[in-house]
Number of protein chains: 2
Amino acid sequence: MPARIEFGTASIPLDTQPSIAIDGHTSPRLDRAIDRFVARLSTYTGKSITRVTADSPEHAKLRIRCDGSGQSVQTPDEVESYTLQVSSSYIQIDARTTVGVIRGLATLEQLLQREGTGYVFPEVRIEDKPRFPWRGLLIDVCRHWQPMPVILRNLDAMAAVKLNVLHLHLTEDQGFRVESKRFPRLHERGSDGQYFTQKELREIVAYARDRGIRVVPEFDMPGHTTSWLVGHPELAAGPGPFEIERHWGVFDPCFDPTKDSLYAFLDSFFAEVTAIFPDPYLHIGGDEVNGKQWTSNAEIQAFMQKENLPDLHALQAYFNRRVAAILAKYDRTMIGWDEILHEGLPKNCVVQSWRGAESLQEAVRHGFDAILSNGYYLDHQRPASFHYANDPDPTGTTSNKPGTARILGGEACMWGEYVTPATIDSRIWPRMAAIAERLWSPPSVNDVNDMYQRLERVSAQLERVGVLHVANYQPMLIRLTNGQPTEALRVLADVVEPVKFYNRSNSQTYTSRTPLNRLVDAARPESMVARKFTAQVERFLSSPSEHSEDQFAIRAHLSQWKANHANLLPVVRSSPMLAEVAPISQNLQNVATIGLEVLDRFVANQPAATEWEKHALKTLEAAATPLAEVELAVLPGISKLVKTAGESR
Amino acid sequence: MPARIEFGTASIPLDTQPSIAIDGHTSPRLDRAIDRFVARLSTYTGKSITRVTADSPEHAKLRIRCDGSGQSVQTPDEVESYTLQVSSSYIQIDARTTVGVIRGLATLEQLLQREGTGYVFPEVRIEDKPRFPWRGLLIDVCRHWQPMPVILRNLDAMAAVKLNVLHLHLTEDQGFRVESKRFPRLHERGSDGQYFTQKELREIVAYARDRGIRVVPEFDMPGHTTSWLVGHPELAAGPGPFEIERHWGVFDPCFDPTKDSLYAFLDSFFAEVTAIFPDPYLHIGGDEVNGKQWTSNAEIQAFMQKENLPDLHALQAYFNRRVAAILAKYDRTMIGWDEILHEGLPKNCVVQSWRGAESLQEAVRHGFDAILSNGYYLDHQRPASFHYANDPDPTGTTSNKPGTARILGGEACMWGEYVTPATIDSRIWPRMAAIAERLWSPPSVNDVNDMYQRLERVSAQLERVGVLHVANYQPMLIRLTNGQPTEALRVLADVVEPVKFYNRSNSQTYTSRTPLNRLVDAARPESMVARKFTAQVERFLSSPSEHSEDQFAIRAHLSQWKANHANLLPVVRSSPMLAEVAPISQNLQNVATIGLEVLDRFVANQPAATEWEKHALKTLEAAATPLAEVELAVLPGISKLVKTAGESR
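No experiment lies behind these values; they were computed from the predicted model shown.

Scoring rules and cut-offs
- Residues numbered from 1 in each chain as written.
- Chains lettered and ligands numbered in written order.
- Predicted model: local features only at pLDDT ≥ 70, side-chain atom pairs only at ≥ 80, totals over all residues.
- Heavy atoms only, no water.
- Contact = heavy atoms within 4.5 Å.
- Buried area = accessible area lost by both parts, 1.4 Å probe.
- Salt bridge = Lys/Arg side-chain N within 4 Å of Asp/Glu carboxyl O.
- Polar contact = N/O pair within 3.5 Å; in protein donor to acceptor, adjacent residues only side chain to side chain.
- Nonpolar A, V, L, I, M, F, W, Y, C, P; charged D, E, K, R; others polar.
- Buried < 20%, exposed > 50% of the residue type's maximum accessible area, 1.4 Å probe, protein only.
- Helix = DSSP H or I, 4+ residues; strand = E, 2+ residues; numbered from the N terminus.
- Pairing = 2+ DSSP bridges.
- Least-squares fit on C-alpha atoms with pLDDT ≥ 70 in both.

1. Brief notes about the interface of chain B and chain A
In this assembly, 36 residues from chain B lie in contact with 36 residues from chain A. Of the roughly 2700 Å² buried at the junction of chain B and chain A (both faces included), carbon and sulfur atoms supply 59%. Between the two partners, chain B and chain A, sit two salt bridges. Between B:R479 and A:E463 there is a salt bridge, with the nearest N and O atoms lying 4.0 Å from each other. On inspection of chain B and its partner chain A, the count reaches eight residue pairs in polar contact (both at pLDDT 80 or more). Among the residues forming the side of chain B that touches chain A, the class breakdown is 10 nonpolar, 15 polar and 11 charged.

Encoded structure:
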């Protein structure tokens, strides 16, 4: 939602040969942005839409006025504002920078709508600029490898919702994902052959820059470094040899921060990677050092005494100061997770908070720029509404002036323990679009129902842009049913959600080799069917006589769910991978049956018997226990029906 | 279908930690093949299946005996035979080469089946070897660019059905798809930036070799060379400048075969590409030279007189002899399309026939090895049964001895005018599997119904292997409906097929920039729903009283199709891309209505009135005209109903 928008009443039909004029600054980057925009119109409409260069701005249908390119390397201070005016005769985008124009084109693309048998842009006047200068998505390519196509299509989707930072989590216990020419053993021994070549990394950076997106690389240290140590055990605080980690969690292997040779190594390594990543920021992680290798190493203990470092936190602070000094040589500002916050940390460092709003405020109070990630963990499988309500600066009181300590914005985190290239898109999208709006739009834009309505439309748009959050659903169901019809499984899969937070790790021992192609992987983090059902229940109960159409819809849903188990059972029998699914399907039948009974009673104004109500509550409670790592997302709606019927008795 | 197979009655359950022993020759390539096999079992079953190395062959569940690696560069004479024995206690694969083991593992993977709540391999004894040594798929990456993922996933699918040649059509009027370090203007100016780097080409070759697949590169010349001439107009027979061709067809630009500088250029170019492609064969195309640039060039005409070359064919023969001599320097055997066949062509050249069985026999009579492609054109959108009946050697009389002129086998062609990375898989698969069987199995394996039954199973397997012929269907429907429900569109799309042969080019002017995302692109070349419907009609009519279940199925189909139009209309109204679809949907309703009426009459033994029959035939005839470039595939079945009812009257 733009900062300011006024709709008119006219509309301008889409031209299959739109004449386009650029007034003022032009560049190949701007040109490519316009080409992409035009190509997208072709895909959307199925017509060959060809760009025509207008002989003068006055004759063009799309007029772009751009003051200048903007920064040669984009920073958080890049101006992204633009104005967009669609009048009945032409469309005008004005911006100070190329990135501003790119944002304007993204908005214009969203405005295209069907009218009759064709497409039109509505008359509109928009003045727009972002609320926060740092609007990011972290992708962990380490726990599970995410190859080039995943990154590139997600950059396209990010650009569509005006995100401007791709944070690549490039090294972890489970994998070192960057080609190093100086230290080839890093990727050769630490990656199972799954890493980005330097050419590919440059392609990612260029692809992102074309879309007004910065790429911030993260090299997590001194912990989370097992994969470095496979090829370079001499960097470790504990004895080797080391192997690529296959499990999830916090592990002991850690750099030895007392050795000068470590800093020489890192200096050389940062020289290499800063030549690839031009962004002024570089992330050094810094999280979850368990300290075991430090505590059990006599030399490190002696060093701490000698240097007057009272505890492990002080030792890590020492490490961070030395790393920050190296990065300063390469003109890079250091970013780290909460744990890097300590006395003596250079004030230009940035703190990324995974712990929460309090530690965010604490960082700013201590004079650091800060980025919020707590509340934006996409792997927690929470609904869009939850993330949407999570404001980096709820009081709106912190400074937003460069040079003062400020909340820069936020970053959603797509941690990779339970995602593959086939499932990652559905874990990021469409929920990420709600976070993008929280970070771009004014805080007053906070109507959840309105957000969900627009999210549905944006979700379809993102699919066209190229991410596969919708496309990959049906194939997973096809594989699960082993060639049997998928309809009954889809009815079930549509109303279950993966367990939340870290609960998946409780149920079985996962390793990086465990297949992720079960129902829990096909199921979406937020069931849109269940969300709408709950909304129908609430609307109906609020005034039953006025909302008979909701009653019919509720009844249709419940009937379908009740009948579905019988349809699904033969499919389950022919596919062993679905054996775990049968009890959930049975639960869905049970709770749908209860829903139908209570709906009948409610409509007939017949109070439920105490015995029946006991049975109903017990059934609902039993169904609330996750099975096969999924939850039934329709329980809140049905519970509401039962509870309200109980109250009305 | 293997050459020889005997099933037993026992079965051996799938082990989640299968112990594997290799007896005899071992190699990293063999090892990777086993790793892929085990990983595929994981994906299929959703369980973590981990390979365990048995301490001795006697204790292993899977025992592999391999005599040697096979050829360092695979040729058509590579031994691919193997025996596979599944007994109740262990599985044994014996082969002379690594490729033989790879073929055996592909068969073993297909044997895995569900039993109860788990998976088993059935007791079986197989002795297997291919009928033809050349079993290929041509992918045209020029008319539309097909990037790395398309190639790699199709190599996986090829290996699953034991194909052994990937023929890459790498240069065309519309694109030069190979990075040349010696002549960088070739790919820089001739490809729109869409080409394989040399590193990528080496990756394709290595990936293919791992799967027992040869990669034969084609550089089409002297015609079909516009993209070469963009950067190197000096090679042309006519005046430049040249631009990358955007249309489809046969074009004038052509090499000038009279210049020595052309051969020096090609010598240098072949030196470069033969270092990338180790295969002993290299394809020079040679097709469709229209000769206009040769006829209108006075110097070329003078050259022909001087050299006593009576016609254009003789001039092309001169060109071919010189190119063959260059290729011989690099130990490469030249392949070309039919047109290269002429007096004086070196006898070790290979002729690939796109024209037909006659020209194939002619080539062999003239002493050349030959490959059949006529009848295997996947872009013609014909049914699997058509290709399955197309035998390269129907009389089985030609020699199969190396060193004598022989029919080497066949190659299916996936020409690229109307395919994108999103649709190419559904144009290749599953029909390609039927061709693969024709080329591998004995000629006596020719039961079409049996083939279709197995094809359905193989299609699901191929999806797991990684091709997207099923997966990409639903997303295309989602985009077409513009976010509306897809069910009604799917009912229609399930029973239409794209127009056949080259009829698509008649209906509108296509260029390489025309979007290919309409109904015709979503529809599959062969409607499996329509095929089954026709079979039901035939079975029912053969003995109506015995096949009442078919009558019910026919009625259910017809009722669904009749009702579908009303369901689809609101969706059509909300998506302009579907406007063209409404008349087809109306036709489906019309013919389904007729089908229901005639079925009622037939069952009630009521003869149809002459007037009604006239109307029925007229309606069917009207519906037979393709609309929006698709055909209604249910017409044969319904026509049969009407016709038989007429006869019975």
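2. Comments concerning the pairing of strand β14 (residues 333-337) of chain A
All names here are of chain A. Across the five residues of β14, five count as buried, placing the element largely inside the fold. Burial of β14 is two-sided: the residues T333, I335 and W337 facing one way and the residues M334 and G336 facing the other way are all buried. Note: strand β13 (residues 281-283) against β14, three bridges, orientation parallel. Along β14, the bridge assignment pairs H283 with I335. Direction of pairing for β14 relative to strand β15 (residues 350-353): parallel, over a ladder of three bridges. Bridged to G336 within β15 is V351.

3. Some points on the pairing of strand β17 (residues 407-414) of chain B
All names here are of chain B. Of all eight residues in β17, eight are buried, a share of seventy percent or more. Where strand β9 (residues 134-140) lies against β17, six bridges are found, and the strand directions are parallel. Residue pairing for β17: G136 is matched across the bridge by E411. Sheet topology note: the strand β16 (residues 369-372)/β17 ladder contains three bridges and is parallel. Within the sheet, the bridge partner assigned to A370 lies in β17 and is I407.

4. Points about the relation of the copies chain B and chain A
Its rotation angle being 180°, the transformation that places chain B on chain A also includes 0.0 Å of axial translation and leaves an RMSD of 0.0 Å. The transformation relating the two chain copies, once decomposed into turn and shift, fits a two-fold axis. Most of the interface of chain B is mirrored in chain A: 100% of its interface residues are interface residues there too.

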